[in-house]
Amino acid sequence: MNQEILFIQREELKTKPDTSSLGFGKYFSDYMFVMDFHSETGWYNPRITPYEPLTLDPAAMVFHYGQAIFEGMKAYKGADGTIQLFRPEKNMKRFNQSCDRLCIPQIDEEFLLRAIKQLVFTEKDWIPDGDGTSLYIRPFIFSTEAYLGVRPAKEYKLLVILSPSGAYYGSQLSPVKIYVEEQYVRASIGGVGHVKTAGNYAASLKAQEKADANGFAQILWLDAKENKYVEEVGSMNIFFKINGEVVTPRLNGSILPGVTRDSVIQLLNYWKIPVREEKISIEEVYAAHERGELEEVFGAGTAAVISPVGELHWNDHAIVINDYKIGQLSQDLYDEMTGIQLGNKEDPFNWVVKVAQVEV
Ligand code: COI
């Protein structure tokens, strides 16, 4: 795809929020990227336009049959003014995998990455530079065709919006309390749990609501068939450090293949810390705790970065991990990941993609 990206200027720029009040996903920048699809033309009319509400037909198929997918990425501004992305080609690839599973037409990964870079550069003043902050990038696609028959739509919209954000869980690296869900399931093998579709998150809300009401930050999901094996948290993948070795559930077809998950595994290998991707039951986790071998539990995700888990609650039984303190490995991984992302640490894997250098 070799189309020009049109730029439509807005009349007035918004007031930017104070870095200390960012939170996650509350504020949106001045511009967004938009592109349309029609089965007769393919993707067309790529443009960077003022961020504004959309007008959609009430019969737009997304409202009825839920063809909606998204990605989550971040842009960082280093101390020397370098604007960089972290492994963005992985997100582009996963976006197309989500397209495939939801019968949404494929996108040109290189073109979309170019558009994202252009949008981020346009919005460079929106990249916060406070500790633990970044510009969260949310690409998404949904069906727009007005039709009520059940089949893949013939028309779609792809948008990219930007949100200056801080920590996902309120405060960076503070250990979270997690409820291991037994009644509801997130995804099953053969379903859509391995891709980033809106319905996965809708399906998680009922359990999340129950967890919130009881003071838990998140849900840890178990497998749908036996209600026994650990899967993921929903906003992040999960890792257990047991007796010096790290274990994370292997990708079984219902777990999201996180970019941060993959980066953590590569870093652990690089540091020669044993790491295994395998089926792990919640009983094994509790047994390791009983033996005094469960040293750390942490989540890994784009929004959450590295998030230590301080407490798990399963089957009416709560266990406290590492005295509710940040484990050394969680801290090291957080420092290394954010150091690479901000350009303060060496990038031995060439993960970082530079967008531009701006004056600071
Ligand atoms: C991300 O980490 O980017 C995600 O998409 C998780 C989210 C639902 C906030």
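Residue numbers run consecutively from 1 along every chain, following the written order of its sequence. It should be noted that, the model being predicted, local features are given only for residues of pLDDT at least 70 and side-chain atom pairs only at 80 or more, the latter also being counted only at that level, while totals for whole chains, interfaces and linings use all residues. Heavy atoms throughout the structure, all of them, feed into the side-chain values; hydrogens and water do not.

Draft legend 1. Looking closely at the overall build of the protein. From N to C terminus, the protein includes 7 helices and 17 strands. Relative to its length of 360 residues, the protein is compact, with a C-alpha radius of gyration of 21 Å against a globular reference of 21 Å. Projected onto its principal axes, the C-alpha coordinates of the protein cover approximately 60 × 55 × 35 Å. Per-residue burial over the protein gives 52% buried out of 360 residues. Any two residues having at least one pair of non-hydrogen atoms within 4.5 Å are treated as being in contact. Put simply, 72% of the contacts in the protein that link residues at least 6 apart link residues at least 24 apart. We count a stretch as a helix when DSSP gives it H or I for four or more residues in a row; a strand needs E for two or more, and each element gets its number in order from the N terminus. With C-alpha atoms as the basis for the radius of gyration, the globule rule is written as 2.2 Å multiplied by the number of residues raised to the power 0.38. For every residue, the accessible area obtained with a 1.4 Å probe (protein chains only) is divided by the maximum for its type, and the residue is called buried under 20%, exposed over 50%, and partly exposed between those limits.

Draft legend 2. Highlighting the domain arrangement of the protein. Annotation of the protein at the domain level lists domain 1 (6-166) and domain 2 (176-326). For the domain bounds, the source is a domain assignment made automatically or taken from a database. Between the C-alpha centres of domain 1 and domain 2 there is a distance of 27 Å. With 19 residues of domain 1 at the interface, the matching set in domain 2 holds 19 residues. Each of two parts loses accessible area, computed with a 1.4 Å probe, when they are put together; buried area is these two losses added. On the domain 1 side of the contact with domain 2, Phe70, Arg94 and Arg101 bury the most area, a combined 40% of that side's loss. Salt bridges are defined by distance alone: a side-chain nitrogen of Lys or Arg within 4 Å of a carboxyl oxygen of Asp or Glu. Across the contact surface, domain 1 and domain 2 share 2 salt bridges. Taking the shortest distance from any N to any O, the salt bridge between Lys90 and Asp262 comes out at 3.9 Å. The definition of a polar contact used here is a pair of N or O atoms within 3.5 Å, where within protein one atom must be able to donate a hydrogen and the other to accept one, and adjacent residues in sequence count solely through side-chain atom pairs. The tally of links from domain 1 across to domain 2 stands at 11 residue pairs in polar contact (both at pLDDT 80 or more). Every element with two or more residues in the side of domain 1 that touches domain 2 is listed here: strand E4 (68-70), strand E5 (73-77) and helix H2 (88-101).

Draft legend 3. Main features of the packing of H2 against helix H3 (residues 109-122). Working convention: axes come from line fits to C-alpha atoms, limited for helices to the stretch in contact. Angles between N-to-C directions cover 0 to 180 degrees. Contact pair H2 / H3: the axes reach a minimum separation of 10 Å and the direction vectors enclose 125°. Here H3 runs oblique to H2, going by the angle between their axes. For the element pair H2 and H3, the recorded crossing hand is right-handed. Counting all contacts with H2, which are made through Pro88, Met92, Lys93, Phe95 and Asn96, the residues of H3 involved are Glu109, Leu112, Leu113 and Ile116. Roughly parallel here means an angle under 35 degrees, roughly antiparallel means over 145, roughly perpendicular means 65 to 115, and every remaining angle is called oblique. Crossings are assigned a handedness: left-handed for a near helix turned anticlockwise from the far helix by less than a right angle, right-handed for a clockwise turn.

Draft legend 4. Spatial organisation of the pairing of strand E2 (residues 31-38). In terms of burial, E2 is a largely internal element, 7 of the 8 residues being buried. DSSP-based pairing: two strands are paired if at least 2 bridges between them are found. The pairing of E2 with strand E3 (residues 42-50) spans 7 bridges and is classified as antiparallel. Looking at E3, one finds that Asp36 is bridged to Tyr44. Turn length for the E2-E3 hairpin, with the two strands adjacent in sequence and antiparallel, is 3 residues.

Draft legend 5. Quick peek at the packing of aromatic side chains. Between rings of Phe, Tyr and Trp, where Trp is taken as its six-membered ring, a pair exists when centres lie within 6.5 Å; planes separated by under 30 degrees are stacked, by over 60 edge-to-face, and by other angles tilted. Applying the stated criterion to the full structure yields 14 aromatic pairs. Ring geometry for Phe7 and Tyr31: centres 5.1 Å apart, planes at 40°, overall tilted. In this pair, Phe7 sits in strand E1 (residues 6-7) while Tyr31 sits in strand E2, placing the two residues 24 residues apart along the sequence. A connected cluster of aromatic rings, assembled from ring pairs, spans Phe86, Tyr270, Phe349 and Trp351. Here the guanidinium or amino end of Lys124 rests over the ring plane of Phe121, the centre of that ring lying 4.5 Å away. One residue, Lys279, lies across the ring of Tyr229, its end atom 4.4 Å from the ring centre. Over a ring means this: the NZ of a Lys or the CZ of an Arg is within 6 Å of the ring centre and within 35 degrees of the ring normal.

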